[in-house]
Amino acid sequence: MSASLPYRANADFLESKYLDWKKDPASVEPLWSSFFEGFELGMAKLAAQPAKGAEGTLSEKTLSFRMRVTNAIHHFRALGHTAAHLDPLSAQGPEIASLSLAGLGFTDEELEEDVQTHMFRGGQPMKLKTMLGELRRIYCGKTGFEFWHINNPEVRAWLLDRIEVTEAPKPAAKEHIDALRWLLEAESFERFLHRRFVGQKRFSVEGGESLLVALETVLEGMPAYGGKEIVLGMAHRGRLSVLANFLRKPLEYLFYEFSENYVPNMVAGDGDVKYHLGFETVRQTSSGDSIGVMLAPNPSHLEAVDPVVEGMARARQRALGDTAERRKVIPVLIHGDAAFAGQGLVAEVLNLSQLPGYRTGGTIHVIVNNQIGFTTQPADARSSHYCTDVAKMIEAPVFHVNGDCPMEVVRAAKLALEFRQTFGRDVIIDIVCYRRHGHNETDEPGFTQPNMARAIGQHPSTATLFRLDLASQGILDEAGAAALQKELEDELEQGVTTLAEKDKKANGGNPFEGSMAELQPAYDYNPVKTGVELAKLKRVGERLLETPEGFNLHPTIAKRFLAARKKAIEAGEGIDWAYAESLAFGTLLTEGHGVRLSGQDVRRGTFSHRHSVFYDSQNRERYIPLNNLQAEQGRYCVYNSLLSEAAVLGFDYGYSLLASNLLVCWEAQFGDFVNGAQVILDQFIASAESKWQRPSHVTLLLPHGYEGQGPEHSSARLERFLQLSAGGNWQVCNFTTPAQYFHALRRQIKRSTRKPLVVMTPKSLLRHPKCVSKLSDMAEGTTFKEVLDDEHLLAAPERVTRLILCSGKVYYDLLEFREEHKIKNAAIIRIEQLYPLNYEMLKEIVAKYPRAQKKWIWCQEEPRNMGAFYYIRPRLEELSNHKLRYAGRERSSSPAAGSKAIHSLEQDKLVEAAFSV
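Keep in mind that what you see is a predicted model, and the values were worked out from it rather than measured.

Asker: Whenever I open this one, the overall build of the chain confuses me. Can you help?
Answerer: Assigned secondary structure in the chain consists of 30 helices and 24 strands. For the chain, the spread of C-alpha atoms along the principal axes amounts to about 110 × 80 × 50 Å. When burial is assessed residue by residue, the chain has 57% of its 917 residues classed as buried. Working note: accessible area of the chain is about 37600 Å², and carbon and sulfur atoms make up 50% of it.

Below, the structure written as structure tokens:
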């Protein structure tokens, strides 16, 4: 609002704003509040003793002074943080001209003027110099409160009450000593590692030890606010100290990870480095309450763990029945300053925070602000003033704190916890500190930041400064502090001794003691009982057709969509892809399992095929048939997501880690959109079981197929998934029938092994007349088949001299061409599950065609350097002992042609080639 707005506003608008202000001054914008206060002050003064100016008016000088008082309060609240002394390496905070006496429009003589305003201290009278001194102390000290960007007056008033509290209770001596202990634990631990394990990377938290103070404060405060669990995510800086001191991972296990003999006891012996490992424990607070703490394992890729933690937290909230207030499980994310400002995933995850399908009741973000990213200065790393400015998009309050002031960190952490539990929104603690060493302990920071490195080298540690402060206050003398430090050092030495004793007994260490690792049985191809009793299938199918009485379903959905389903369920055939999916979901729900489906526009489906949520065409009321199948059933949760891939897939992956009884599906709007989530695929879904023994059964639905829609809407990059396939890490499938899809979805829940499922789902096949299944194909006794034999041969198998192997949509093009040209010597074999490839089933099928052993053709729609060809060729050649022939598009840098005409020519050519090459 411009300052001149009150004078431009019409009388009615002015009157309504004035009435709002009278009811609650905090309910209107600051400049309106300033205007009305000045107006009332002037009127009150006029009534009490008219000024010497013109009769019936306040003097211009009096009005000006009072407006400047009001504006000064506003300026400190809005801008005071910019003058706070936040940098431990500087002697004082910056000078901000607009907050100086002259900048606020006052003279030295006016400092002795009496002021009284309800906007500060409840109207308590004081001298101007006292008021300005108080405002400067509150807003320009060692904590900078940034919250004036919050538009909600209730939230802003709540923060004001706590920030401007008249007399905050002084922390007890025990709180000071606890804070010192937390600092010394971190400092002693890091220095111990530095001495004992020379030259090893540890990404120490030295310079940012106050991180432990913030975490411990949140932990200690949780019981009072109903908190039961913390789900924690962080990068590698400070991780070892957090594991040792916050999660209390046994020191002998942690030290073992530094040992030359350390071999992670993992699936393939390829576990991740020590500063990526996760851990799970239960901490006892000083009040005797138990708080569960779960640190998620994470890759090096900055901020990639954020959405995973959010998904894990929501899954835990569901498990604890905490889905309304979401106060029992608190996600806490620890960031670096450069990553928080630089990684787009941060904004995506912040955007999840208040969305119905993804909110977790608010996240406490703690930023270890080293004021540098690797070797890059903030001036080169961001365009914003603060690294936290991205959080303003969700109006999160930000508490900037000088890391050398642990009691200020305690205060900020307490306020952050109370805020989160009160409003269910995100909050940021920005601990401004420094990095004592380089990016790791083998780097030399003086190469690129000589001035900063020199200042850090001369700067005492936070614990040293705090010890001196406590001694000066008479809280803890030097002897007491020294005894505390010796106690901590003795604990560290004992950890090494314990490890040595275990090594002598040849037991070694167990780095996964207390971790979240889950052993998986070896992958096998044993059939899983996924078929469902025919009567039950029909019952579920019929319930999916029902709508409440008086519900105004869109005519097109009623006449076409439901009518087609009704015909199919009555006939027991003609079940299309979407109906098979609903039957899979529905039968799982009736068996007590839950189903979660999220992604862009998934309720309707990108291709208007799913319609799992019905909307009343008159009032948009919603009805979900899958949640109305029977009295007792699991819950179907379907959420249209924000336009994000990385954050949403990461969230759903995290959810799947802690919700094994729930089918968790993420669908890309088009298959190629999954490119935007590649980091989640690479760092988590493909490799987490191998690195951290974290199994997941998350299911990816990726619309894939060449229909002439151009390079951006054809390929889900099947080749990338196959390239990442190893060690039975996931299942990569390209189905050709709805029944196969039905069984595969149910297999995700019904089998003992938990593996991610990647499905190349169809587009044109959603309505293809031949891409349908019979109800009997899903009935009891049927199951998923990794390879499908030719069901439509035009001659006996002995007459077949050509085997065409394929997967997915191209099968129907091949089938049509063979029927049209009455080709009798070619069999079409469908590999439904490309990885893991069921060699035995494939061998059994191809053995039926003895005359075709020398002529195997792989047919695909994708270019030769994409799709499954380079993956499947060596496997099929090993099986046949002959060179595999190829029918498909030529090599290309682009997934598909942009021209519909060129696409059609290419498609016709590759299909014909399959029968002639």
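Don't stop here, the text continues.
Asker: It is not clear to me how helix H6 (residues 153-163) should be interpreted in this structure. Could you clarify?
Answerer: One turn of the α-helix equals 3.6 residues, which is why residues spaced by three or four share an orientation. Restricting attention to buried positions, one finds in H6 the residues Val155, Arg156, Trp158, Leu159, Leu160 and Ile163. Between a side-chain oxygen at the N-terminus of H6 and the backbone nitrogen of Glu154 the separation is 2.8 Å; the capping residue is Asn152.

Asker: What exactly am I supposed to notice about the pattern of salt bridges here?
Answerer: A side chain of one charge can pair with a side chain of the opposite charge when the charged atoms of the two come close. Under the counting rule described, the total for this entry stands at 40 salt bridges. The salt bridge partner of Glu493 is Arg196, with a shortest N-O separation of 2.7 Å. Highlighted residues: Glu493 in helix H18 (residues 478-504) and Arg196 in helix H7 (residues 173-196), separated in sequence by 297 residues. For Arg196, a relative accessible area of 43% translates into the label partly exposed. In this structure, the salt-bridge partner of Glu478 is Arg467, at a minimum N-O distance of 2.4 Å.

Asker: How do you make sense of helix H8 (residues 210-221) when you look at a structure like this?
Answerer: Its 12 residues place the ends of H8 17 Å apart at the C-alpha level, agreeing with the 16 Å of an ideal helix rising 1.5 Å per residue. The buried fraction of H8 is high, at 11 of 12 residues. Residues Ser210, Leu211, Leu212, Val213, Ala214, Leu215, Glu216, Thr217, Val218, Leu219 and Gly221 constitute the buried set of H8.

Asker: Even after reading the chapter, I still don't get the state of the cysteines, so can you show me in this structure?
Answerer: Scanning the entire structure with this criterion turns up zero disulfides. We note that Cys733 lacks a disulfide partner, and the nearest cysteine sulfur, in Cys665, lies 13 Å from it. With no disulfide partner, Cys859 has as its closest neighbouring cysteine sulfur the one in Cys806, 6.5 Å distant.

Asker: Help me understand unusual backbone geometry in this model?
Answerer: Following Tyr835, the chain continues to Pro836 via a peptide bond in cis, the omega torsion being -10°. The backbone of His611 shows a phi angle near 50°, a positive value even though the residue is not glycine. In this structure, His611 sits in the loop between strand E11 (594-599) and strand E12 (614-615). Positive phi, normally seen in glycine, also occurs at Gln693, with a value near 55°. Following the sequence through the fold, Gln693 ends up in the loop between helix H24 (688-692) and strand E16 (699-703).

Asker: Got a minute to help me understand the packing of aromatic side chains in this structure?
Answerer: Any aromatic ring pair is given by two values, namely how distant the centres are and how the planes are angled relative to each other. Per the counting criterion, the structure on display carries 23 aromatic pairs. A centroid spacing of 5.3 Å and a plane angle of 85° characterise the contact between Trp158 and Phe423, whose relative ring orientation is edge-to-face. Within this pair, whereas Trp158 is found in helix H6, its partner Phe423 is found in helix H15 (residues 406-423), the two being separated by 265 residues in sequence. Pair check on accessibility: Trp158 and Phe423 agree, each one buried. Ring plane angle 35° and centroid distance 5.7 Å describe the contact between Phe585 and Tyr636, whose orientation is recorded as tilted. A residue pair is termed long-range when its members are at least 10 positions apart, and Phe585 in helix H21 (residues 577-590) and Tyr636 in strand E14 (residues 636-640) qualify at 51 residues. The burial state of Phe585 is the same as that of Tyr636; both residues are buried. Each member of the aromatic cluster is reached from another via a ring pair, and the members are Trp577, Phe735, Tyr741 and Phe784.

Asker: When you look at the sheet that holds strand E10 (residues 427-432) in this model, what are you seeing that I'm missing?
Answerer: Sheet strands pair via backbone hydrogen bonds, and the direction of the pair is either parallel or antiparallel. Reading across from one edge, E3-E9-E10-E8-E7-E4-E6-E5 is the order of the eight strands in this open sheet, with mixed pairing throughout. The open sheet is flanked by strand E3 (143-146) and strand E5 (279-284), the only strands paired with a single partner. On average, adjacent strands in this sheet sit at an angle of 20° to one another, irrespective of strand direction. Alignment of strand E4 (residues 229-234) against strand E6 (residues 290-295), held across four bridges, turns out to be parallel. Its bridge partner being in E6, Ile230 is matched across the sheet by Val293. The sheet strands contacting helix H11 (residues 305-319) are E4, E6 and strand E7 (329-336), and the helix crosses E7 at an angle near 170°.

Asker: I tried to follow the pairing of E16 on my own but got confused; where do I start?
Answerer: Within E16, five of the five residues are buried, leaving the element largely enclosed by the surrounding structure. Side chains Thr699, Leu701 and Pro703 of E16 all project onto a buried face; the interleaved residues Leu700 and Leu702 project onto the opposite face, where all are buried too. Pairing between strand E15 (residues 662-667) and E16: three bridges, direction parallel. Looking at the pairing, Cys665 lines up with Thr699 of E16. Two elements, E16 and strand E18 (residues 757-761), share five bridges in a ladder whose sense is parallel. Pairing of Pro703 across the sheet is with Thr761, part of E18.

Asker: What's the story with the sheet that holds E14 in this structure? I'm lost.
Answerer: What the seven strands build is an open sheet, ordered E14-E11-E15-E16-E18-E17-E22; its pairing is mixed. One side of each edge strand has no neighbouring strand; the edge strands of this open sheet are E14 and strand E22 (833-835). Taking the axes of each pair of neighbouring strands and ignoring which way they run, one obtains an average angle of 20° across the sheet. The sheet contact formed by E11 and E15 spans six bridges and is parallel. Paired with Ser598 across the strands is Trp666, a residue of E15.

Asker: Any chance you could explain the packing of helix H28 (residues 839-846) against helix H29 (residues 869-880) here in plain terms?
Answerer: Each pair of packed helices can be described by the angle between their axes along with the distance between the axes. In the contact formed by H28 and H29, the axes pass within 11 Å of each other and the chain directions differ by 50°. The orientation of H28 with respect to H29, classified from their angle, is oblique. Judged by the sense of rotation from one axis to the other, the crossing of H28 with H29 is right-handed. Note on element contacts: H29 touches H28 through Arg875, Leu876 and Leu879, opposite Tyr839, Leu842 and Lys843. The residue inventory of the contact of H28 with H29, partitioned by class, reads four nonpolar, no polar and two charged.

Asker: Even after reading the chapter, I still don't get the environment of Leu662, so can you show me in this structure?
Answerer: Locating Leu662 in the fold gives a position in strand E15. For the pair Leu662 and Gly634, spaced 28 residues apart in sequence, the C-alpha separation works out to 8.9 Å. Sequence-distant contacts of Leu662, that is, excluding residues within four places in its chain, are made with Arg318, Gly594, Val595, Arg596, Tyr655, His697 and Ile749.

Asker: Could you clarify how one ought to interpret the pairing of strand E21 (residues 826-831) in this entry?
Answerer: Residues in a regular strand point their side chains to alternate faces of the sheet. Burial within E21 is extensive, with six of its six residues counted as buried. The alternating pattern of E21 places Ala826, Ile828 and Arg830 and Ala827, Ile829 and Ile831 on opposite faces, both of which are buried. Alignment of strand E19 (residues 787-788) against E21, held across two bridges, turns out to be antiparallel. Bridge pairing in E21 links Leu788 to Arg830. With five bridges joining them, strand E20 (residues 802-806) and E21 adopt parallel strand pairing. By the bridge assignment, Arg802 is partnered in E21 with Ala826. Following the chain from E20 across helix H27 (residues 810-821) to the adjacent parallel E21, one finds a crossover that is right-handed.

Asker: Whenever I open this one, the packing of H7 against H15 confuses me. Can you help?
Answerer: In the contact formed by H7 and H15, the axes pass within 10 Å of each other and the chain directions differ by 100°. Between H7 and H15, the angle is such that the two are roughly perpendicular. Of the residues in H15, those in contact with Glu175, His176, Ala179 and Leu183 of H7 are Pro406, Met407, Val410 and Lys414. Here the residues of the contact of H7 with H15 are counted per class, giving five nonpolar, one polar and two charged.

Asker: Explain the nonpolar core here, please?
Answerer: A general tendency of soluble globular proteins is for nonpolar side chains to be buried together. Ranked by internal contacts, the top residues of the largest apolar core, which has 99 residues, are Met131, Tyr139, Ile230, Leu232, Phe246 and Phe255. Element by element, the count of residues in this core is highest for H15, at 10 residues. Apart from residues lying up to four places away in sequence, Phe255 is in contact with Phe189, Phe192, Leu193, Phe197, Leu492, Gly495, Val496 and Leu499. Of all hydrophobic cores here, the second largest spans 78 residues; its members include Ala304, Ala315, Val648 and Tyr886.

Cut-offs applied
Residues numbered from 1 in each chain as written. Predicted model: local features only at pLDDT ≥ 70, side-chain atom pairs only at ≥ 80, totals over all residues. Heavy atoms only, no water. Helix = DSSP H or I, 4+ residues; strand = E, 2+ residues; numbered from the N terminus. Buried < 20%, exposed > 50% of the residue type's maximum accessible area, 1.4 Å probe, protein only. Areas by Shrake-Rupley, 256 points an atom, 1.4 Å probe, with all protein chains shown as cover. Polar contact = N/O pair within 3.5 Å; in protein donor to acceptor, adjacent residues only side chain to side chain. Salt bridge = Lys/Arg side-chain N within 4 Å of Asp/Glu carboxyl O. Expected span 1.5 Å × (residues − 1). Disulfide = S-S within 2.5 Å. Phe/Tyr/Trp six-rings, centres within 6.5 Å; stacked < 30°, edge-to-face > 60°. Pairing = 2+ DSSP bridges. Axes fitted to C-alpha atoms, helices over the stretch in contact; angles between N-to-C directions. Contact = heavy atoms within 4.5 Å. Parallel < 35°, antiparallel > 145°, perpendicular 65-115°, else oblique. Left-handed = near helix turned anticlockwise from the far one by under 90°. Nonpolar A, V, L, I, M, F, W, Y, C, P; charged D, E, K, R; others polar. Right-handed = clockwise from strand over helix to strand, strands pointing away. Core = buried A, V, L, I, M, F, W, Y, C linked by side-chain atoms within 4.5 Å.

Shape descriptors only; they carry no functional weight alone.
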